[in-house]
Amino acid sequence: MFETGLLRGKRILVTGGGSGLGAAMGRRFLALGAELVICGRKLDRLEATASEMRAQSSGKVTTIACDVRDGVAVDEMMDATWREAPLDILVNNAAATFIAQSEHLSFRAADAVLAPTLHGAMYCTLAAGKRWIDGRHNGVVLSILSTSTITGRAFTVPSAMAKSAVLAMTKSLAVEWGPKGIRTVAIAPGPFPTAGASGQLRPVGRDEGWSARNPMGRTGEHSELADLASFLVSDRAGYINGEMVVIDGGAHLRSSGAEDLLRWTDAQWAEQRAARSKG
Ligand SMILES: CCCCCCCCC/C=C/C(=O)SCCNC(=O)CCNC(=O)[C@H](O)C(C)(C)COP(=O)(O)OP(=O)(O)OC[C@H]1O[C@@H](n2cnc3c(N)ncnc32)[C@H](O)[C@@H]1OP(=O)(O)O
Ligand SMILES: NC(=O)C1=CN([C@@H]2O[C@H](COP(=O)(O)OP(=O)(O)OC[C@H]3O[C@@H](n4cnc5c(N)ncnc54)[C@H](OP(=O)(O)O)[C@@H]3O)[C@@H](O)[C@H]2O)C=CC1
């Protein structure tokens, strides 16, 4: 689909790049000639993913254990990365969510979602941006958001809030940092099955008909998201700034995706709270 070497010479950090959509984007970036850095909390999973990537590509992959909720750790990660060479592209992909009735959310539960999804994206963006500006180096920030930024989404309110805030960051910095050579862009994926998202959002007992009700009759392919991300971070998208591109088969035009949960009984919610999965 793309010219060979579209991302040659680009150094890209994908947060949460050890699993799911982050790993899918990373693989595509490598295949297009980029050098990849992936971070997450679980070093063993990052290493396993990096080994697979190295077996498939001759591109360089580096792993860094970093909890993006911790600003000091984010600064240390950026220092370690920059010691080798400046990054060219940051992908804010790390996030957390779970379904819950909002009246049952403790403050700690709200923070468990807001901290990685909102604060993590902000810390990584600030840490990369200040280094780009200090070094007069151009940069791109791609943030992976959600169609909840358009529709809102019942039962995942902290996630909808965090993603909406990162969209506001994307639009605001497009104006503030555009003149400094930094583009900020975003993608709002619809349903793309991953172990993380399914574990948190699609417990047994949830409506199974949602995929068929997508206007395209299916969920997204990871390669479709990876292709869009590759274009948006590439120089070919150099005039796209402050924009969020939706890739969901048209699903959000029909539903926010949470309506089936309005029909859940208190007993189902109690069961969900008891059985909650940890990422
Ligand atoms: C059209 C269609 C489009 C549909 C398109 C769908 C779009 C979806 C958009 C977004 C998708 C994603 O983000 S998908 C990505 C999903 N991946 C992940 O979530 C992976 C990362 N997850 C995690 O790290 C964890 O699972 C996380 C949720 C943060 C909790 O881990 P932590 O260690 O931080 O937290 P803990 O110490 O266990 O708990 C902290 C507090 O949170 C509470 N808590 C934790 N899990 C809870 C749960 N399931 N339900 C209630 N409360 C919970 C605990 O009770 C604690 O509160 P107290 O009891 O008060 O102490
Ligand atoms: N799959 C889908 O249908 C959709 C996904 N999205 C978005 O796509 C992105 C990827 O999700 P997906 O691949 O599905 O799910 P995953 O659970 O696989 O991805 C989440 C990643 O974030 C990392 N992460 C979580 N918390 C932290 C933290 N505190 N510090 C560093 N890394 C962290 C995890 O690694 P670790 O646990 O090692 O820290 C993991 O690699 C997310 O932003 C999600 O909101 C949006 C809409 C739909």
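Owing to the predicted nature of the structure, the values given are computational and were not obtained by experimental measurement.

Draft legend 1. Structural detail: the site of ligand 2. Contacts to ligand 2 come from 26 residues, most closely from Ser19, Arg41, Asn93, Phe192 and Thr194. The backbone of Val68 places a nitrogen or oxygen atom 2.9 Å from a nitrogen atom of ligand 2. The contact in question runs from an oxygen atom of ligand 2 to an N or O atom on the side chain of Thr194, over 2.6 Å. Burial of ligand 2 by the surrounding chains reaches 89%, relative to a free accessible area of 870 Å². Within the shell around ligand 2, the residues separate by chemical class into 12 nonpolar, eight polar and six charged.

Draft legend 2. Representation of helix H2 (residues 43-56). Between its terminal C-alpha atoms H2 stretches 20 Å, which fits the 20 Å expected from 14 residues at 1.5 Å a residue. Taken together, the buried positions of H2 are occupied by Leu46, Thr49, Ala50 and Met53. Projection of H2 onto a plane perpendicular to its axis shows the buried side chains occupying an angular sector of 100 degrees, all on one side. Looking at H2, the residues exposed on the side facing more than 90 degrees away from the buried face are Asp44 and Ala55. On the buried face of H2, the contacting elements are helix H1 (20-31), strand S2 (35-40) and strand S3 (61-65).

Draft legend 3. Looking closely at the pairing of strand S6 (residues 182-189). In terms of burial, S6 is largely enclosed, as eight of its eight residues are buried. Residue alternation in S6 divides its side chains into two sets, Ile182, Thr184, Ala186 and Ala188 and Arg183, Val185, Ile187 and Pro189, and both sets are buried. Across six bridges, the pairing between strand S5 (residues 139-144) and S6 is parallel. Within S6, the position partnered with Gly139 by the bridge is Ile182. Inspection of the sheet shows S6 paired to strand S7 (residues 244-247) by four bridges, in the parallel sense. By the bridge assignment, Ala186 is partnered in S7 with Met244.

Draft legend 4. Spotlight on the packing of H1 against helix H8 (residues 222-233). Remark: H1 packs on H8, axes separated minimally by 9 Å, with the N-to-C direction vectors making an angle of 60 degrees. Classed by the angle they form, the pair H1 and H8 counts as oblique. The interaxial crossing formed by H1 with H8 has right-handed handedness. Counting all contacts with H1, which are made through Gly20, Leu21, Ala24, Met25, Arg28 and Phe29, the residues of H8 involved are His222, Leu225, Ala226, Asp227, Ala229, Ser230 and Val233. Considered class by class, the residues forming the contact of H1 with H8 number eight nonpolar, three polar and two charged.

Draft legend 5. Fine view of the sheet that holds strand S1 (residues 11-15). Pairing is parallel in the open sheet, where seven strands are placed in the order S3-S2-S1-S4-S5-S6-S7. Edge strands, defined here as strands with exactly one partner in the open sheet, are S3 and S7. Between one strand and the next, the sheet's axes are offset by a mean angle of 20 degrees, whatever the strand orientation. Against the sheet, helix H3 (residues 71-84) touches S1, S2, S3 and strand S4 (89-92), its axis set at about 160 degrees to S1. H8 rests against S4, S5, S6 and S7 of the sheet, and its axis sits at about 165 degrees to S6.

Draft legend 6. Summary view of the confidence of the model for the chain. Mean pLDDT over the chain works out to 96, with 99% of the residues at or above the 70 mark. Taken together, the chains of this predicted complex give a pTM of 0.98 and an interface ipTM of 0.97.

Draft legend 7. Quick look at the packing of helix H4 (residues 107-134) against helix H6 (residues 157-177). Contact geometry of H4 with H6 gives a least axis separation of 8 Å together with a crossing angle of 15 degrees. Compared by their axis directions, H4 and H6 come out roughly parallel. In this structure, the crossing between H4 and H6 has a hand that is right-handed. Two secondary-structure elements touch here, H4 through Ala110, Val113, Leu114, Thr117, Leu118, Ala121, Met122, Thr125, Leu126, Gly129 and Ile133 and H6 through Pro158, Ser159, Ala162, Lys163, Ala165, Val166, Met169, Leu173 and Trp177.

What counts, and where the lines are drawn
- Residues numbered from 1 in each chain as written.
- Chains lettered and ligands numbered in written order.
- Predicted model: local features only at pLDDT ≥ 70, side-chain atom pairs only at ≥ 80, totals over all residues.
- Heavy atoms only, no water.
- Near = heavy atom within 4 Å.
- Polar contact = N/O pair within 3.5 Å; in protein donor to acceptor, adjacent residues only side chain to side chain.
- Areas by Shrake-Rupley, 256 points an atom, 1.4 Å probe, with all protein chains shown as cover.
- Nonpolar A, V, L, I, M, F, W, Y, C, P; charged D, E, K, R; others polar.
- Helix = DSSP H or I, 4+ residues; strand = E, 2+ residues; numbered from the N terminus.
- Expected span 1.5 Å × (residues − 1).
- Buried < 20%, exposed > 50% of the residue type's maximum accessible area, 1.4 Å probe, protein only.
- Arc of directions from axis to C-beta.
- Contact = heavy atoms within 4.5 Å.
- Pairing = 2+ DSSP bridges.
- Axes fitted to C-alpha atoms, helices over the stretch in contact; angles between N-to-C directions.
- Parallel < 35°, antiparallel > 145°, perpendicular 65-115°, else oblique.
- Left-handed = near helix turned anticlockwise from the far one by under 90°.
- pLDDT = per-residue confidence, 0-100.

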